[in-house]
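Residue-level structure breakdown
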Amino acid sequence: MIRIIDYGVGNIQAFMNMFKRLGVAANRAHSANDLQDATHLILPGVGAFDHAMEMFNKSGMRPALEELVLNKKVPILGICVGMQMLAESSDEGKLQGLNWIPGNVRSFSSNPKLASLPLPHMGWNDITIKLNEPLFKGFETSPRFYFLHSYYFTCENREHVAATAQYGFNFDCVISSENIYGIQCHPEKSHSSGAQLLKNFSEL
C-alpha cells in the first residue's frame with residue numbers, strides 16, 4: 001500500500017487520482033497508525049518551506065516516518081517542497097529540514113544567471129537523467145515534466161543527483177540516496193511522464 005502523507009500541505013487528491021488511473025493501491029495517511037501498512041511513501045508539499053516543516057512536525061507522523069524510512073528502508077518520494085524538506089535547510093526559512101539527503105535549498109533569485117528570467121520557474125522543462133535509476137525505467141534520455149518553484153535543491157554529494165534541469169543554469173531536480181527519492185517537478189501534473197515515474201516508484 002502506497003501511503004500519501006497528508007499533513008495539511010499538498011494536493012493529495014491529485015496523487016490519489018493518478019494512482020487510481022494506474023491501478024495502484026494508494027491511500028492517505030493522517031496519523032502514525034495509518035503508516036503501519038505502508039510499502040511506499042509519498043511526501044508531497046507546496047508553498048513555503050517553514051510552513052510545510054511546521055505542519056509536518058505538528059502532524060505527529062515524523063517519528064513513525066523516520067522509523068520506516070531510516071530503519072526499515074521503506075521507499076519514499078518527496079515531491080516539490082516535499083523534496084526540499086529532505087535537505088538540511090532552506091534559504092526560504094529558518095527551520096531545519098529532515099536532513100535525509102545532505103544538501104541545502106537555495107533561492108533562484110540569489111543567482112545572477114537568472115537576472116533576466118521570470119520567477120517562479122514555471123512550465124514544462126526537459127530533465128537530463130544522470131543516474132541509471134529504476135525511477136526512469138522506460139524513459140527517453142530527456143523526458144519533460146511540469147515545474148513550479150522559486151527554490152531548488154543543491155546536493156552536497158553529486159552521487160545523489162539523479163537528474164538535472166536547466167533554467168539559466170543546471171540545477172538538481174531529481175535526487176536519490178538508497179530508498180530516499182526527491183523530485184522537484186510535479187509528476188501529478190506531468191501527464192504520461194509523471195504517470196510513468198509514479199508507476200516506476202510503486203514497483204521499487
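Each remark here, short or long, concerns the structure printed above.
Analysis parameters
- Counting of residues starts from 1 at the beginning of each chain's written sequence and follows it residue by residue.
- With pLDDT at 70 or above as the cut-off, local features in this predicted model cover only qualifying residues; side-chain atom pairs require 80 or more to be listed or tallied, and sums for whole chains, interfaces and linings still use all residues.
- Water and hydrogen atoms play no part in the side-chain values, which are based on all heavy atoms of the structure.
- Helix and strand assignments come from DSSP, with helices taken as H or I runs of at least 4 residues and strands as E runs of at least 2, each series counted from the N terminus.
- We compute the radius of gyration over the C-alpha atoms and compare it with the globule rule, which gives 2.2 Å times the number of residues raised to the power 0.38.
- Burial classes: relative accessible area under 20% of the type maximum marks a residue as buried, over 50% as exposed, and values in between as partly exposed (1.4 Å probe, protein chains only).
- Two residues qualify as a contact provided that any one of their heavy atoms is within 4.5 Å of a heavy atom in the partner residue.
- Positive residues here are Lys and Arg, negative ones are Asp and Glu, while His and the chain termini are left out of the count.
- A single reference atom marks each charge: NZ on Lys, CZ on Arg, CG on Asp, CD on Glu.
- Between Lys or Arg on one side and Asp or Glu on the other, a salt bridge is scored when a side-chain nitrogen of the former is within 4 Å of a carboxyl oxygen of the latter.
- Grouping buried Ala, Val, Leu, Ile, Met, Phe, Trp, Tyr and Cys residues that are joined through side-chain atoms within 4.5 Å yields what is termed a nonpolar core.
- A pair of sulfur atoms, both from cysteines and within 2.5 Å, is called a disulfide here.
- What counts as an axis is a line fitted to C-alpha atoms, over the stretch in contact for a helix, and the angles between N-to-C directions run from 0 to 180 degrees.
- Angle categories: roughly parallel below 35 degrees, roughly antiparallel above 145, roughly perpendicular from 65 to 115, and oblique for all the rest.
- Charged residues are taken to be Asp, Glu, Lys and Arg, nonpolar residues to be Ala, Val, Leu, Ile, Met, Phe, Trp, Tyr, Cys and Pro, and polar residues to be all remaining types, Gly included.

1. Details of the overall build of the protein
Scanning the protein for helices and strands turns up five helices and 12 strands. Its C-alpha atoms give the protein a radius of gyration of 16 Å, within 12% of the compact-globule value 17 Å for 204 residues. Evaluated residue by residue, the protein yields a buried proportion of 53% over its 204 residues. Sequence separation of 24 or more characterises 71% of the internal contacts of the protein that already satisfy a separation of 6 or more. Each charge sign in the protein was given a centre, from 17 positive and 19 negative side chains, and these centres are 4 Å apart.

2. Remarks on the pattern of salt bridges
Scanning the entire structure with this criterion turns up 10 salt bridges. Between Arg28 and Asp6 there is a salt bridge whose closest N-O contact spans 3.0 Å. Taken together, the positions of Arg28 in strand β2 (residues 26–29) and Asp6 in the loop between β1 (2–5) and α1 (12–22) put the pair 22 residues apart, joining distant regions of the chain. Among the residues examined, Arg28 registers a relative accessible area of 25% and is labelled partly exposed.

3. Remarks on the environment of Leu135
By the secondary structure assignment, Leu135 is in the loop between β7 (121–129) and β8 (144–149). With 77 residues separating them along the chain, Leu135 and Lys58 place their C-alpha atoms 31 Å apart. With sequence-adjacent residues up to four places away left out, Leu135 is seen in contact with Val174, Tyr181, Leu197, Asn200, Phe201 and Leu204.

4. Considerations on the nonpolar core
Counting residues in each nonpolar core, the largest one holds 69 residues, and the members touching the most others are Ile5, Leu41 and Met85. With five residues, α1 is the single largest residue contributor to this core. Ignoring sequence-local partners within four residues, the contact set of Ile5 consists of Ile12, Ala29, Leu35, Leu41, Ile42, Leu43, Pro44, Phe56, Met61, Leu65 and Ile76.

5. What to know about the state of the cysteines
Enumeration according to the criterion identifies zero disulfides in this entry. This cysteine, Cys80, is not joined by any disulfide, and Cys185 carries the nearest cysteine sulfur, 9.1 Å off. Cys80 sits in the buried class, given a relative accessible area of 5%. Among the cysteines around Cys155, which has no disulfide bond, Cys173 carries the closest sulfur, lying 10 Å off. The class of Cys155 is buried, set by a relative accessible area of 8%.

6. Describing the packing of α1 against helix α5 (residues 191–202)
For the pair α1 and α5, the least separation of the axes is 10 Å and the interaxial angle reads 80 degrees. Comparing the axis directions of α1 and α5 gives the class roughly perpendicular. Together, Phe15, Met18, Phe19 and Leu22 of α1 and His191, Ala195, Leu198 and Lys199 of α5 make up the contact between the two elements. Here the residues of the contact of α1 with α5 sort into six nonpolar, one polar and one charged.

Read these as layout, nothing more, since geometry by itself doesn't imply function.
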